[in-house]
Amino acid sequence: MTAHEETNPGSPAPAPAQAGATPLLEVRDLWAGMDGKTILKGVNLVVRSGEVHAIMGRNGSGKSTLAHVLMGYPGYEVIRGEILLDGRDLRSLDVTERARAGLFLGFQYPVAIPGVPVTAFLRAALRAVRSQDVPPREFRKTLAAAMREAGIPEEFASRPVNDGFSGGEKKRLEVLQMLMLKPRMAILDEADSGLDIDALKAVAEGVNRGIAAGIGVMLITHYQRILDHVKPDVVHVFLDGRVVLSGGPEVARQLEQRGYEWLETPGDTASPASPATR
């Protein structure tokens, strides 16, 4: 069955916004895939400013696909559904336009760019998002403030992007980008992957500073440990391209103890979950 042939077995309707709490990111009945294969099968999410939503699930369950589809990564096809940021439908926008609208993606595997200093990279990114040049004095001031917030030493700025970086340094650079660009919504794909305890705490501290500034965060992770430092408002569990359970931080602790088998329902392909509300 191809991406165009599969039908919706009955996914839940998106959660209504709370009174007085305007949704920042709304994902409504999102079906998407690539190369004729359906991967996301009716995803519903509502994230508000300053909220943290953790996305958990087995490998291949659709977590990274969700991140790429939201960001408009080439090769993925939205079959149906809506992606709204501040009420604006993003589906017709390319990656750069989505970034300008306020969406940010921190990569699971950041790539190295030999010969390009971090400062030049960040200034180019800031220029692209703002659609105008950034005066040198303003850029230096913004960079210095963001580096202090991320706990990154000054010499970091002159190094080539991710070239020879440790896993922790790569993830801290992703957080530095987030703090520099000040997006409305940040999607962080396994920001804790490959980090030791000290690096994990440093990355989490940077993420928390962004949250305190009002950035909404979607944190994709396999493990409870980062959620000990970045407290989620809602935890969503993905299985087979669907959200099968949404709840509070206790959901992550249950997964740590019980794995995913208890959430599987043999013979029920829909396995709908009630969308999370606050």
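These figures come from a predicted structure and were not determined experimentally.

The rules behind the values
Residues numbered from 1 in each chain as written. Predicted model: local features only at pLDDT ≥ 70, side-chain atom pairs only at ≥ 80, totals over all residues. Heavy atoms only, no water. Helix = DSSP H or I, 4+ residues; strand = E, 2+ residues; numbered from the N terminus. 1 Å grid on protein atoms, 1.4 Å probe; cavity = no way out; pocket = protein on both sides within 12 Å on 5 of 7 lines; lining within 4 Å. Points joined across faces, edges and corners; volume = space filled by probe spheres on them. Pairing = 2+ DSSP bridges. Expected span 1.5 Å × (residues − 1). Buried < 20%, exposed > 50% of the residue type's maximum accessible area, 1.4 Å probe, protein only. Contact = heavy atoms within 4.5 Å. Polar contact = N/O pair within 3.5 Å; in protein donor to acceptor, adjacent residues only side chain to side chain. Nonpolar A, V, L, I, M, F, W, Y, C, P; charged D, E, K, R; others polar.

Peer 1: Please explain unusual backbone geometry as it appears in this structure.
Peer 2: For residues other than glycine, phi is negative in most cases, and the peptide bonds are mostly trans. You will see that Ser 131, though not glycine, has its phi angle at about 65 degrees, which is positive. Positionally, Ser 131 belongs in the loop between α3 (118-130) and α4 (136-150). Notably, Lys 182 is not glycine yet its phi reads approximately 50 degrees, a positive angle. Relative to the helices and strands, Lys 182 resides in the loop between α5 (167-181) and β9 (185-189).

Peer 1: Can you walk me through empty space enclosed by the protein in this structure?
Peer 2: Once rolled over the atoms, a probe with the size of a water molecule shows which space is left empty. Enumeration over the complete set of coordinates arrives at two cavities of 30 Å³ or more. Its volume calculated, the second largest cavity comes out at about 50 Å³. Lining the second largest cavity, in full, are Gly 106, Phe 107, Lys 171, Glu 174, Val 175, Leu 188, Asp 189, Glu 190 and Ala 191. Sorting the residues of the lining of the second largest cavity by element identifies α5 and β9 as the ones contributing at least two each.

Peer 1: Whenever I open this one, the sheet that holds strand β1 (residues 23-34) confuses me. Can you help?
Peer 2: An order of β2-β1-β4-β5 is seen for the four strands of this open sheet, with the pairing classed as antiparallel. Sheet topology places β2 (37-48) and β5 (88-89) at the edges, where each strand pairs with a single neighbour. Alignment of β1 against β2, held across nine bridges, turns out to be antiparallel. Looking across to β2, one finds that Leu 30 is bridged to Val 43.

Peer 1: Please clarify how helix α6 (residues 197-212) should be interpreted in this entry.
Peer 2: Side chains that are three or four residues apart share a direction in an α-helix, a result of its 3.6 residues per turn. Compared with the 22 Å implied by 1.5 Å per residue over 16 residues, the 22 Å span of α6 between its first and last C-alpha is a close match. Within α6, the full set of buried residues consists of Ala 199, Leu 200, Ala 202, Val 203, Ala 204, Gly 206, Val 207, Gly 210 and Ile 211. Packing partners of the buried residues in α6 comprise β3 (52-57), α4, α5, β9 and β10 (216-220). Its side-chain oxygen at 3.2 Å from the backbone nitrogen of Asp 198, Asp 196 defines the N-terminal cap of α6. Just downstream of α6, Gly 214 is the residue with a positive phi angle, here 100 degrees.

Peer 1: Which parts of the structure should I look at to understand the layout of surface pockets?
Peer 2: Here the largest pocket is characterised by a volume of approximately 610 Å³. Looking at the lining of the largest pocket, the elements that each hand over two or more residues are α2 (95-101), β6 (103-106), α3 and α5. The volume enclosed by the second largest pocket comes to roughly 220 Å³. Along its surface, the second largest pocket is lined by 17 residues, and Gly 60, Ser 61, Gly 62, Lys 63 and Thr 65 are the ones closest to its centre. Breaking the lining of the second largest pocket down by element, the ones donating at least two residues are β2 and α1 (63-71). Looking at which element gives the most residues to the lining of the second largest pocket, the answer is β2, with four residues. Of the residues belonging to the lining of the second largest pocket, the class tally is one nonpolar, 10 polar and six charged.

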